[in-house]
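Survey of secondary and tertiary structure
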Amino acid sequence: MRILRHRITIATTAPIEIIDLTPQVRDWLAGTGVADGLLTVTTLHTTARLNVNEREERLQRDMVTFLKRLVPRDGDYLHNLDTVDGRDNAHSHLVGLFMSSTESIPVADGRMVLGDWQAIFFVELDGPRERRTIELQVLGADKS
């Protein structure tokens, strides 16, 4: 049994953005030699989340619209009165309450166990940002 780690760094370009991480994660996993195990994907940010969902362009636009409506940016939020980094981003923290910062995905025969339409998304809630970090960790057994 082995534990392997990897870090992905991305930049975001929009206030709310959904980025498909599946190809990067799949490529890294393939290079590990792990056949069976568990992959954990974690964002290291409080204003960004991860989600496994369907990869379809119009649906992704619907998701962004939904998140903007769920917690409007211009709400009367106490956090915005005295921010740590000068960003009025209470809405980002609040919408993040409805999502996870981590996804766990089984690995079988060296591949992620995902449905035909599923993809791993990084969900930016407070962009744009020059640097966002995603941590990957796989715990598993090597191929025979």
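Cut-offs used in this document
- The written sequence of each chain sets the order in which its residues are numbered from 1.
- Since the coordinates come from a predicted model, pLDDT governs what is reported: local features require at least 70, and pairs of side-chain atoms require 80 or more to be given and counted, while whole-chain, interface and lining totals use all residues.
- To obtain the side-chain values, all non-hydrogen atoms of the structure were used and water was disregarded.
- Put simply, DSSP marks the helices as runs of H or I at least four residues long and the strands as runs of E at least two long, and each gets a number from the N terminus on.
- Any residue under 20% of the maximum accessible area for its type is buried, any over 50% is exposed, and the rest in between are partly exposed; the area is computed with a 1.4 Å probe on protein chains only.
- The contact criterion used throughout is that any non-hydrogen atoms of two residues lie within 4.5 Å.
- For a helix, the expected span equals 1.5 Å multiplied by the number of residues minus one.
- Read the arc as the range of directions from the helix axis to the C-beta atoms.

This brings us to the environment of His6. Inspection of the secondary structure puts His6 in strand β1 (residues 2-10). For His6, a relative accessible area of 30% gives the class partly exposed. Along the backbone, His6 and Trp28 are 22 residues apart, and their C-alpha atoms lie at a distance of 7.9 Å. Excluding its chain neighbours within four sequence positions, the residues that come into contact with His6 are Trp28, Ile134, Glu135 and Leu136.

This brings us to helix α2 (residues 57-70). Over its 14 residues, α2 runs 20 Å from end to end, which matches the ideal 20 Å to within 8%, given 1.5 Å per residue. Burial in α2 covers these residues: Gln60, Met63, Val64 and Leu67. Down the axis, α2 shows its buried residues gathered within 95 degrees of arc, on one side only. Facing away from the buried surface of α2 by more than 90 degrees, the exposed residues are Arg58 and Arg69.

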